[in-house]
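Listed below are the residues making up each chain.
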Amino acid sequence: MPFHHFIQEPAGWSTLRDDVLYRNPFLEIHQPTLTSPVRSAPFTWTVCHRKGAVVVAPMTPTGEFLMVRQERVPIRATIWEFPAGQIDDHAETDAIRKTGLRELREESGYELAPGGELVSLGHFFPSASFTDEHSHLLLARPVVPSPHGHEHDENEAITECRAFPPAEFRDMIARGEIRDANTLAAFARLVAMGLI
């Protein structure tokens, strides 16, 4: 049972069997047996199904980018990244926008200013070799402090939120201080689309 409807099985692909190896509320590990357009003999693969995510690149009225510093258990490090989170209900109307605005406020304590805009930067696959997870990228501009402050999820360990001028942001990427794939992808799209 996939978590979303974004990944389809186009012509040439055929799932012959799909065994669920593990399941929890956040992910499912499947081992499908399938054929593909370039492999006609059945083969097996291990696939991690994850909910889609939304990544928000928040820009202040002065053109700085907000990032949160968050502890990430798998890599045993606390790193800088844009606010992001999973889409809880893909069937919900405007789920990407609602998720982006929710994560912006919960993680950073900021919200979209009156008259502000959310600009879609498309989506990408963080690691297509083993997971169907996809991240939707949004630019939120301008953002202002929320009167409600932040509301970190009980599973999050966010230690700070800071604004960075674009030049410093770029230097942090060049020095390897920003290593989060979502943040790097959002920055690449912002540059490629001429938004910074």
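Everything that follows concerns the structure shown earlier in this document.
Residues numbered from 1 in each chain as written. Predicted model: local features only at pLDDT ≥ 70, side-chain atom pairs only at ≥ 80, totals over all residues. Heavy atoms only, no water.

Asker: Whenever I open this one, the pattern of salt bridges confuses me. Can you help?
Answerer: Any two side chains of opposite charge can pair, so long as their charged atoms come close to each other. A complete count under the given rule lists twelve salt bridges for this structure. With its nearest N and O atoms 3.2 Å apart, the salt bridge here joins Asp-88 to Arg-102. One end of the pair, Asp-88, is in the loop between β8 (84-86) and α1 (95-108); the other, Arg-102, is in helix α1, with 14 residues separating them in the sequence. The class of Asp-88 is exposed, set by a relative accessible area of 54%. (Salt bridge = Lys/Arg side-chain N within 4 Å of Asp/Glu carboxyl O. Helix = DSSP H or I, 4+ residues; strand = E, 2+ residues; numbered from the N terminus. Buried < 20%, exposed > 50% of the residue type's maximum accessible area, 1.4 Å probe, protein only.)

Asker: What should I look at first to understand the environment of Pro-145 in this one?
Answerer: One can find Pro-145 in strand β10 (residues 135-145). A sequence separation of 85 residues divides Pro-145 from Thr-60, and the C-alpha atoms of the two residues are 9.5 Å apart. Not counting residues within four places of it along the chain, the set of residues in contact with Pro-145 comprises Gly-109 and Tyr-110. (Contact = heavy atoms within 4.5 Å.)

Asker: Is there a simple way to think about unusual backbone geometry in this case?
Answerer: A negative phi angle is the norm for most residues apart from glycine, just as the trans form is the norm for most peptide bonds. The omega torsion of the bond from Arg-141 to Pro-142 falls at -15°, within 30 degrees of zero and hence cis. Within the secondary structure, Pro-142 is located in strand β10. A positive phi angle, close to 50°, is found at Arg-76, a residue other than glycine. Its place among the elements puts Arg-76 in the loop between β6 (65-72) and β7 (77-81).

Shape descriptors only; they carry no functional weight alone.
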